[in-house]
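Notes for the structure review
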Amino acid sequence: MIPAEFDYRRPDTAAEVIALLAAQPDAKLLAGGMSLIPALKHRLLQPGVLVDIARLPGLDQVSERRGRVRIGASVTHGALERSRELAELPLFAETARLIGDVQVRNRGTLGGSLVHADPAADWPAVFLALDGEARCVGPKGKRTIPASDFFVGMLTSALAPDELLLEIELRPQRKRAGAAYCKLRQPASGFALVGVAAEVSLDRRGRCERAAVAITGVNPVPFRAAGVEARLVGGGLDAVTLGRALGEIEELDPMADLHASAEYRCDLARVYARRALLAAAERAVA
Amino acid sequence: MVLRPVSIGARIKRREDPRLIRGLGLYTDDLRLHGMLECAFVRSEYAAGRIVKIDSTRALQRRGVVAVYTYDDLRGEVARAPCAARMDETRDVEHPLLADGAVRYLGQPLALVVAQDRYLARDAALDVDVEIEPGPCVVDPLAALEPDTPRVYRSLPDNVNVRIPPEPEALAAVEKAFAEADGTLSLRIVNQRVAPVPLECRAVVADWQEGAQKLTVWISTQVPHQAKQQIAICLGLSELGVRVIAPEVGGGFGCKLPVYAEECLLSWVSRRLRLPVKWAETRTENLMNTTHGRGQLHDVEAAYRRNGELLALRGRIVAEVGAYASYLGGAIPTFTLLMYPGCYRVGACAFELVNVYTNTMATDAYRGAGRPEAAYAIEMVMDELARKLGIDPVELRRRNFIAPDAFPYQTAGGATYDTGEYEAALDKALDRFDYSGARAAQAEARSQGRLVGIGIATFTEICGLGPSSNANPLQRTGTWESAQVRVEPTGNVTIMTGASPHGQGQETAFAQLASDAFGVGIDDVRVVHGDTDVVPHGVGTFGSRGLVVGGTALHMALEKVKAKAAAIAAHLLDTTPDRLRFDGESFSVAGAATDDGAERRMTFREVASAAHLWNVPVPGQEPGLEAVARFEPEGTTFPFGAHLCQVEIDRETGQLEIQRYVAVDDCGNIVNPLLAEGQRLGGIVQGLGQALCEQVVYDETGQLTTATLMDYAVPKATMFPEIELDSTCTPTPLNPLGAKGIGELGTIGSARCLMSAVHDALAPLGVAPVEMPVTTERLWRVLREAGA
Amino acid sequence: MKLEGRAQVNTAPALAWQRINDPEVVRRCTPGLVRLEETRPDHYEARIELKLPAVQGRFDGAIDFLERAEPQRLRLRVQGKGPPGFVSGDVTLSLRESGGGTEFHYAADLQIGGQIARLGQRMVSGVAKDMAAQFFSAFDRIDQVPAGEPLSRSPLVAFLGLLWGALRRLLGRG
């Protein structure tokens, strides 16, 4: 638990960050450090230089304009828990509250969580369910990565090693829509044994117009349960219908560890998906 | 005149906390000595095997690396690692400070790297080229007892550390009871291995002064005086040449009671290099190579009468000692034997104890040390018996309690209980919990298909260790405690206690005792501890003995000082001590006034001043005002409690919610209720942690899968409701304070209380008892198998 | 630790057998496998340099072919050791014709030790899955990609997956 030697830099602008990343192939970005610092201490990573972006100006803002919400990459979980700009989206505070503990929430960042792409992290499910977009910048300029393309493998996001995530952007909320996040915490780490973010929008008659179900903690990569979503459209969101739609989650390819077997994770995925959908439907009506 | 409030019994906040919570405490790892080097251990990556080579060539080439030591360097220089728990029957093995050819557990120290700082030391440790030929390994204690199983020590015929058969008379009594019984019940009861996880990991700084020929060792320890003696023995030094200091100690829970190989080794290195050296454990080292706790498996049979009377208990206890017998590790399970009958009239008890070696880290004391295992077992017997006989578990306990007028009570386990009012504590808990209301609500919830359970545990434990006849000669000390009281000329007071605290709050509670004795403010009392050159030889903190034994020693010293102060005051007031009154602040002469009508009186501070100025010599007395006292208890104390809790289990996921927890504890008289409540809350949660989520898990090859706090689940505040505390007070006659000890009491009953509730919640499903920890998946499987 | 899984590839069984026995194919499908050299019959020495966003590490090891039951079964003994720890054990790989392609079934019984055992339990199975999938995906594309170019980031069946997966965990939250 003692890191190897490294250099430390704290650039003032995104451009400097990009230049540093380009010049130092073994550089690693440090934001909240909630994943990186333990990795360094255990020497799972031995980067030559840490580039601290936690205080990089402009990345710590949450803003809302004409329904489009933008969240800076270095906004902490704690800030999202308390954000006034996100008062209309209780999903964020709900998710933030379930992350780690107070100390982790005050340091860890949304951007760090997404880019690190831990298969049991919470934000990836929310990001996927809301069809967010990630704006990033690299040596070739800015680009946008949709959530559906963002998580490419275990612990691997679509962000290139020389790119910097700037912010995520969310489309305006639909009418009669609601979203919720339900999670069972791993007792030691607080990570999700299973976490499900669901968003539903209803038509005038209260039937499901669109459903998004994103699951984390189960597969090596967080995913959208496309089959379930398709089966939900056009129906009511009562327990019976949900039970039928969730009978099979086609994408399941569960991990297993000391805290939950593959079998248990699969069962939890169904239960928590139902709970998240019911909570989302309730908010859609309200 | 304003009456000074009495300190004893007051809820005074811990005087230690302002410095600790602001980061101003001085822990061992905070020490920076001139020229100090830092160390890193090279540890075995295998649980069993033979060392083929340890090549430190590359490590020594690194800039800043001073030395790399292996067993070869120690040969003939040091003795084995300290062990104070060898019984006559123990099959003894040597635990070398560094592995001598064979490795027997994961993380066993192979080499020590000394460098300019800890970063260089760690870099170099990774450069030490180690080759180990892996050997067969045994992790499971029952498997270790099978024939033809891998042996931890080839020099021994099997993996038994010690086997203690039941006493023949006890066995005869038990057999008679079983023959007369209406029925019997058998259970397998498991207390899984857990890690103590103190907030502060272990740390050592050793500083050999060549000129003075003196070794000073700072250790995060519960027992500085024992550490001093053991280090002196290990290094072959006179104890006059060793000083041990325990500065701030950030928790121990028993795992800082052993005197460790690392502490002896650092001492040797400092002497060898003539430079100060430091080692501070990492959290993974702490989880892997600081002693673990519990690790017992019981096969128990109970004989009972139809009316619920428990007649006798018999069976076998298999206890994991790990790969070597730690300082007290081998002796811990004997407390389980002693406390097996709990607070019940059990006529006869006969157990075989088998301590087993396995290729795992050693076990030793952990909050409760053997008694939670006993309480867990007897309370589980009670619950199962209640279920079998269809008697309410509360009623069944009432029928078996030792009556209040039966004390002192000699148990079939071999203990003599001082005092107890078990039913009074239970009644208070039932009342607070609204037991009948809760049962009615439970019936209602059950009719809706909800899994609501109510748990109960009534328990007692052995504390205030204790008469020195219980101590082991290898400890080189009894189990009394020391205190010194020194009154300064101003009347301010310095207290030195041998009961070196590791977070309990002695600086507050002991100051309260002095404050009341002399009528000085708490802030005018300083409590000094943990320095063997300053504090008279003492024993340490373990077994909930700080106040019971250390506090009593202090009380005795305070009384001695007060007697001398009275003699001085009497002399100066021209009277005799028997005519003096002390009102808490001043001495005055009963019924006498001076010529001008004023009362003849002297404050304690005036007496203190006079004692030092000494312009009016008192016949037969020396100047000064101080005393040393040692308290050797006549017997141990037996605090007790009654806990109740309510849980609900989510049928779909197995998630467990603790909805209520009520604890009524009785530790006799209390000096500071706030401190006592803190001890109880922490203790209760630690026990609940074992029941809920804590477990040390080795895989079959002896690799540790719970080596970080990402996998070893310590209990968190968010897992619990507000714990409701209440108490009864049944003082002990065994010490003048009437105190029984509180450090471990919460832990004794809470794990079982929760498991009792879990099993009650599952009762409608008719399933077998669930083992600890009740992880969500474990419950989910039970529910699924029961078709719930 | 026991691991198993299945993977479907489009390559026909005969060709699949040929490829899985071709060290060059294995090397190319396995990212970080910088060396795979047959030093005596059925004995290969290997070096893997893992360089992933969250974990880096180097393993030196050997692979012994215990059994080649053409065309349906392959048994290997693997062992690897490096700063992050060690892995050793047997891997059985079975091939079966399935829908014109081949279904691979892999089963491994591995001992994991050192840092990766202490830190890597959380996602060993997840990583093995993820990496096996990528290996077999590269397996199908081997002919379409010129020799000098990387195919994917994936392991020598479950073996490598284990190594780095095991390694990985511990990585808290960003």
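Please read these numbers as outputs of a predicted model, since none were measured by experiment. (Residues numbered from 1 in each chain as written. Chains lettered and ligands numbered in written order. Predicted model: local features only at pLDDT ≥ 70, side-chain atom pairs only at ≥ 80, totals over all residues.)

**So, the overall build of chain A**
If you tally the helices and strands in chain A, you get 11 helices and 14 strands. In terms of overall dimensions, chain A has C-alpha extents of about 60 × 45 × 35 Å along its principal axes. (Helix = DSSP H or I, 4+ residues; strand = E, 2+ residues; numbered from the N terminus.)

**Side note on the overall build of chain B**
Helix and strand counts for chain B come out as 20 helices and 28 strands. A globule of 788 residues ought to have a C-alpha radius of gyration of about 28 Å, and chain B, at 28 Å, matches this closely. In terms of overall dimensions, chain B has a C-alpha envelope of 90 × 75 × 50 Å along the principal axes. Looking at chain B residue by residue over its 788 residues, the buried ones come to 58%. (Rg over C-alpha atoms; globule rule 2.2 N^0.38 Å. Buried ≥ 20, exposed ≤ 12 C-beta atoms within 10 Å, placed from the backbone.)

**What to know about the sheet that holds strand β11 (residues 177–185) of chain A**
Residues and elements named next belong to chain A. Read across the open sheet, the 4 strands follow the order β11-β12-β13-β14; overall the sheet is antiparallel. Because the sheet does not close on itself, it has two edges, and the strands there are β11 and β14 (223–224). The pairing of β11 with strand β12 (residues 192–202) spans 9 bridges and is antiparallel. In the strand pairing of β12, Leu 184 is matched with Val 194. Lying over the sheet, helix α11 (residues 262–285) contacts β11, β12 and β13 (208–216), oriented at roughly 35 degrees with respect to β12. (Pairing = 2+ DSSP bridges. Contact = placed C-beta atoms within 7 Å. Axes fitted to C-alpha atoms, helices over the stretch in contact; angles between N-to-C directions.)

**Focus on helix α11 (residues 371–389) of chain B**
All names here are of chain B. When the terminal C-alpha atoms of α11 are compared, their 27 Å separation across 19 residues agrees well with the 27 Å that a helix rising 1.5 Å per residue should span. Of all 19 residues making up α11, 15 are buried, and the element is well covered by its neighbours. Positive phi shows up at Gly 390, right after α11, with a value of about 70 degrees. (Expected span 1.5 Å × (residues − 1).)

**Some remarks on the packing of helix α10 (residues 332–339) of chain B against α11(B)**
Residue and element names in this part refer to chain B. Direction vectors running N to C along α10 and α11 enclose 35 degrees, while the axes themselves pass 7 Å from each other. Between α10 and α11 the crossing geometry is right-handed. Residues Phe 335, Thr 336 and Met 339 of α10 form the contact with α11, whose own contacting residues are Arg 371, Glu 373 and Ala 374. Classifying every residue of the contact of α10 with α11 gives 3 nonpolar, 1 polar and 2 charged. (Left-handed = near helix turned anticlockwise from the far one by under 90°. Nonpolar A, V, L, I, M, F, W, Y, C, P; charged D, E, K, R; others polar.)

**Focus on the packing of helix α15 (residues 506–518) of chain B against helix α16 (residues 546–572) of chain B**
All names here are of chain B. Interhelical geometry of α15 versus α16 gives an angle of 30 degrees and a closest axis separation of 10 Å. It follows from the interaxial angle that α15 and α16 lie roughly parallel. As α15 runs across α16, the sense of the crossing is right-handed. Counting all contacts with α15, which are made through Gln 506, Ala 509, Phe 510, Leu 513, Ala 514 and Ala 517, the residues of α16 involved are Gly 546, Leu 547, Gly 551, Leu 554, His 555, Leu 558 and Lys 562. Its residues assigned to classes, the contact of α15 with α16 comprises 8 nonpolar, 4 polar and 1 charged. (Parallel < 35°, antiparallel > 145°, perpendicular 65-115°, else oblique.)

**Some thoughts on the interface of chain A and chain B**
Contact with chain A, which involves 14 residues of that partner, is made by 21 residues of chain B. Among the elements that make up the side of chain A that touches chain B, the one with the highest residue count is α11(A) (3 residues). Class assignment for the residues of the side of chain A that touches chain B results in 11 nonpolar, 2 polar and 1 charged.

**Overview of unusual backbone geometry**
All names here are of chain B. Note the cis peptide between Phe 407 and Pro 408, where omega equals -5 degrees. Counting through the fold element by element, Pro 408 comes out in the loop between α12 (393–400) and β16 (409–410). The phi dihedral of Arg 274 is positive, around 55 degrees, even though this residue is not glycine. Tracing the backbone through its elements, the reader meets Arg 274 in the loop between α8 (261–273) and β12 (277–280). Looking at Arg 274, the number of C-beta atoms within 10 Å reads 12, which means it is exposed.

**Let's talk about the sheet that holds strand β4 (residues 102–103) of chain B**
Backbone-to-backbone hydrogen bonds pair the strands of a sheet. The strands run either parallel or antiparallel. Residue and element names in this part refer to chain B. Read from one edge to the other, the open sheet built from 3 strands follows the order β4-β2-β6, with strand pairing classed as antiparallel. Lying at the two open borders of the sheet, with one neighbouring strand each, are β4 and β6 (129–134). As paired elements, strand β2 (residues 49–55) and β6 share 6 bridges and run antiparallel to each other. Across the sheet, the residue bridging to Gly 49 is Pro 134, located in β6.

**Observations concerning the nonpolar core**
One finds Ala198(A), Ala273(A), Ala276(A), Val113(B) and Leu754(B) to be the most contacted residues of the largest nonpolar core, which totals 389 residues. For Ala273(A), the contacting residues outside a window of four places in its chain are Val196(A), Ala198(A), Val213(A), Ile215(A), Ala225(A), Val228(A) and Leu246(A). (Core = buried A, V, L, I, M, F, W, Y, C linked by C-beta atoms within 7 Å.)

**Let's talk about the confidence of the model for chain B**
Per-residue pLDDT for chain B has a mean of 95; in total, 98% of the residues score no lower than 70. In the model output, the complex is listed with pTM 0.94 alongside ipTM 0.96. (pLDDT = per-residue confidence, 0-100.)

**Some remarks on the environment of Gly668(B)**
Residues and elements named next belong to chain B. With respect to the helices and strands, Gly 668 occurs in the loop between β27 (656–666) and α18 (673–692). Taking the C-alpha atoms as reference points, Gly 668 and Glu 694, 26 residues apart in sequence, are found 31 Å from one another. Residues within four places of Gly 668 in sequence aside, it is in contact with Pro 639, Cys 729, Thr 730, Pro 731, Thr 732, Gly 738, Ala 739 and Lys 740.

**Some details on the environment of Arg84(A)**
On the secondary structure map, Arg84(A) appears in the loop between α3 (77–82) and α4 (90–97). Distance from Arg84(A) to Val62(A), taken between C-alpha atoms, is 9.0 Å for residues 22 residues apart in sequence.

**Here we look at the pairing of β12(A)**
Residues and elements named next belong to chain A. Burial analysis of β12 places 10 of its 11 residues in the buried class, the great majority of the element. Pairing between β12 and β13: 8 bridges, direction antiparallel. For Val 200, the partnering residue across the bridge sits in β13 and is Ala 211. Once β12 ends, the chain turns through 5 residues before running back antiparallel as β13, passing Gly 206 with a positive phi of about 85 degrees.

**A closer look at the environment of Lys560(B)**
Residue and element names in this part refer to chain B. Structurally, Lys 560 can be placed in helix α16. By C-beta crowding, Lys 560 is classed as partly exposed, having 17 other C-beta atoms within 10 Å. Counting along the chain gives 81 residues from Lys 560 to Thr 479, while the straight-line C-alpha distance between them is 22 Å. Apart from residues lying up to four places away in sequence, Lys 560 is in contact with Ala 627 and Ala 629.

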